[in-house]
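A look at the structure
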Amino acid sequence: SQHMHTHSVGIEVCNFGWIKDGKTYAGATADRSQIVTLAQPFRGHKTWHRYSDTQIEVLRKWILWIAERDSIDVRKGLVEEVRAKGAAGFEFNEDAYYGRIKGLWTHTNTRKDKVDMFPQQELMDMLLSL
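The structure reproduced in this document is the subject of the present report. Given the structure is predicted, the values throughout are model-derived calculations rather than measurements.

1. Notes on the overall build of the chain
- Across its full length, the chain holds 6 helices and 4 strands.
- Secondary structure of the chain in N-to-C order comes out as α-β-β-β-β-α-α-α-α-α.
- Taken over the C-alpha trace, the chain has a radius of gyration of 15 Å; the compact-globule value for 130 residues is 14 Å, and the two agree within 12%.
- Each principal axis of the C-alpha distribution contributes one length, and for the chain these read about 40 × 25 × 25 Å.
- Expressed as a percentage of the 130 residues in the chain, the buried residues total 33%.
- Long-range contacts, defined as pairs at least 24 residues apart, comprise 62% of the intrachain contacts of the chain with a sequence gap of at least 6.
- Carbon and sulfur atoms make up 51% of the accessible area of the chain, which amounts to about 8,200 Å² in all.
- Considering the chain, the positive charge centre built from 18 side chains and the negative charge centre built from 17 side chains are found 2 Å apart.

Here is the structure:
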């Protein structure tokens, strides 16, 4: 929504998303060290392009810096959903879509056609540490 677009801060995390038969959606072969298999499928896929430890740490620092700069309570939104629902907290959330809940969200929470973030355990652990 335009309202969400103009009242949000975006952070992009480079990632190829789901992996099928060792290949990304773009057809590139994924190195084995960059593949993670989830305990449960997310959006129809169990195998994903792994977020590196460095990506997760840099993302943590960006989230905290932006939260302080813009007075955003990043413990609201996705973090609450992950705390309550685990990996399912990354799924589409109608309240987030309509802007009824403020806080930290992903495109995946606000759009059914996006998979910009997926519930890799190390990412969930970082979010719960905020």
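2. A closer look at the pattern of salt bridges
- Summed over all chains, the structure comprises 12 salt bridges.
- R50 is the partner of E122 in a salt bridge, and the nearest nitrogen-oxygen pair spans 3.6 Å. Of this pair, E122 sits in helix α6 (residues 121-128) while R50 is found in the loop between β4 (45-49) and α2 (53-70), placing the two residues 72 residues apart along the sequence.
- Note on E122: relative accessible area 32%, which makes it partly exposed.

3. Focus: the environment of A39
- Within the secondary structure, A39 is located in strand β3 (residues 35-42).
- The exposed category is assigned to A39, whose relative accessible area is 66%.
- Between the C-alpha atom of A39 and that of Q120, which follows or precedes it by 81 residues, the distance is 9.4 Å.

4. Considering the environment of E12
- Among the secondary structure elements, E12 is positioned in the loop between α1 (2-6) and β1 (19-20).
- Expressed as a C-alpha distance, the spacing of E12 and R50, which sit 38 residues apart in the sequence, is 15 Å.

5. A word on the pairing of β4
- Across 4 bridges, β3 lies against β4 in antiparallel orientation. Paired with I35 across the bridge in β4 is H49.
- In this structure, the hairpin formed by β3 and β4 is closed by a connection of 2 residues, where R43 is found at a positive phi of approximately 50°.

Cut-offs used in this document
- Residues numbered from 1 in each chain as written.
- Predicted model: local features only at pLDDT ≥ 70, side-chain atom pairs only at ≥ 80, totals over all residues.
- Heavy atoms only, no water.
- Helix = DSSP H or I, 4+ residues; strand = E, 2+ residues; numbered from the N terminus.
- Rg over C-alpha atoms; globule rule 2.2 N^0.38 Å.
- Buried < 20%, exposed > 50% of the residue type's maximum accessible area, 1.4 Å probe, protein only.
- Contact = heavy atoms within 4.5 Å.
- Areas by Shrake-Rupley, 256 points an atom, 1.4 Å probe, with all protein chains shown as cover.
- Lys, Arg positive; Asp, Glu negative; His and termini not counted.
- Charge placed at Lys NZ, Arg CZ, Asp CG, Glu CD.
- Salt bridge = Lys/Arg side-chain N within 4 Å of Asp/Glu carboxyl O.
- Pairing = 2+ DSSP bridges.

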